[in-house]
Amino acid sequence: ASNGAELQVNDGGGTERIRLSARSGGHSYITNAGAGYFGIGTSDPDNLVHIFKGSAGSVDADANLDLVVEDDGDTGLQILTPNANYGRIYFGDASSASSGRIVYAGSGVTAAHAKSMYFATDSSERIYISGSGEVGICTTSPKTQLDVQS
């Protein structure tokens, strides 16, 4: 792999792996077919998808979670959308694919809701934060800094 590229298929010892590496950039993309895990930047992914930039220390990822983002400093997850759209994280179960939601409205959605964020449980908006900072509990139209409805 002197040219900075590598493709490796290994089926020995009961472990199946497919490795695609770009050595010149130091990044490796690994699929561990035996466990069904996929790693970016790691040859030993902890969970279904493991994105590794640096070690967080001697900690293993929670086995109940499917996505791991690991770094040796600050880390995060970013959702980017056009101005006229929403960024969303949905939580679901067998009865509803979106019972719980965290939603951010871009600057180009309807003027009343531009740059707002809300949290929903049981498929209903429960906490709403307007683009100008008003917080509504059980209302999406807060009239004061904190507007609590029943």
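Further up the page is the structure itself.
Residues numbered from 1 in each chain as written. Predicted model: local features only at pLDDT ≥ 70, side-chain atom pairs only at ≥ 80, totals over all residues. Heavy atoms only, no water.

Asker: Looking at this model, I keep getting lost on the overall build of the protein chain. Mind explaining?
Answerer: Looking only at helices and strands, the protein chain has 0 helices and 12 strands in total. The secondary structure elements of the protein chain, listed N-terminal to C-terminal, are β-β-β-β-β-β-β-β-β-β-β-β. Expressed as a percentage of the 150 residues in the protein chain, the buried residues total 23%. Of the roughly 10,000 Å² of accessible surface on the protein chain, 52% is carried by carbon and sulfur atoms. (Helix = DSSP H or I, 4+ residues; strand = E, 2+ residues; numbered from the N terminus. Buried < 20%, exposed > 50% of the residue type's maximum accessible area, 1.4 Å probe, protein only. Areas by Shrake-Rupley, 256 points an atom, 1.4 Å probe, with all protein chains shown as cover.)

Asker: Help me out: how do you make sense of the environment of R88 in this one?
Answerer: Structurally, R88 is set in strand β7 (residues 86-93). R88 sits 16 residues away from Y104 along the chain, and the two C-alpha atoms are 6.5 Å apart. Not counting residues within four places of it along the chain, the set of residues in contact with R88 comprises I79, I102 and V103. Polar side-chain contacts of R88 include one of 3.2 Å to the side chain of Y90. (Contact = heavy atoms within 4.5 Å. Polar contact = N/O pair within 3.5 Å; in protein donor to acceptor, adjacent residues only side chain to side chain.)

Asker: Sorry, what's going on with the environment of A111 here?
Answerer: Here A111 is to be found in the loop between β8 (96-105) and β9 (117-121). Along the chain, A111 and G131 lie 20 residues apart, while their C-alpha atoms are 9.7 Å from each other.

Asker: Can you help me understand unusual backbone geometry in this one?
Answerer: Negative phi values dominate among residues other than glycine, just as trans dominates among peptide bonds. Phi angles above zero are rare outside glycine, and K115 is one such case at about 60°. Inspection of the secondary structure puts K115 in the loop between β8 and β9. Phi is positive for D122, which is not a glycine, with a value near 50°. Within the element layout of this structure, D122 appears in the loop between β9 and β10 (124-129). On the basis of relative accessible area, D122 is assigned to the exposed category, the value being 62%.

Asker: How do you make sense of the pairing of β10 when you look at a structure like this?
Answerer: Along any regular strand, the residues point their side chains to alternate faces of the sheet. Summarising the sheet, β9 and β10 pair through 5 bridges and their orientation is antiparallel. Across the sheet, residue F119 finds its bridge partner in β10, namely I127. Taken together, β9 and the strand that follows it, β10, pair antiparallel across an intervening segment of 2 residues, in which D122 is found at a positive phi of about 50°. Two elements, β10 and strand β11 (residues 135-137), share 3 bridges in a ladder whose sense is antiparallel. Bridge pairing in β11 links I127 to I137. As consecutive antiparallel partners, β10 and β11 are separated by 5 residues, and within that stretch G133 has a phi angle of approximately 100°, a positive value. (Pairing = 2+ DSSP bridges.)

Asker: Help me understand the sheet that holds β9 in this model?
Answerer: Within a sheet, adjacent strands bond to each other through the backbone by hydrogen bonds, running parallel or antiparallel. Judged by pairing direction, the sheet is mixed, and its 6 strands sit side by side in the order β7-β8-β9-β10-β11-β12 without closing on themselves. Lying at the two open borders of the sheet, with one neighbouring strand each, are β7 and β12 (146-148). Looking at each pair of strands side by side, their axes are set apart by 20° on average, direction ignored. (Axes fitted to C-alpha atoms, helices over the stretch in contact; angles between N-to-C directions.)

Asker: Is there a simple way to explain the layout of surface pockets in this structure?
Answerer: If you add up the space inside the largest pocket, you get close to 190 Å³. Contributing to the lining of the largest pocket are 14 residues, with I79, T81, G87, R88 and Y104 lying nearest its centre. Elements with a contribution of two residues or more to the lining of the largest pocket: β7 and β8. For the lining of the largest pocket, a count of residues per class yields 7 nonpolar, 6 polar and 1 charged. (1 Å grid on protein atoms, 1.4 Å probe; cavity = no way out; pocket = protein on both sides within 12 Å on 5 of 7 lines; lining within 4 Å. Points joined across faces, edges and corners; volume = space filled by probe spheres on them. Nonpolar A, V, L, I, M, F, W, Y, C, P; charged D, E, K, R; others polar.)

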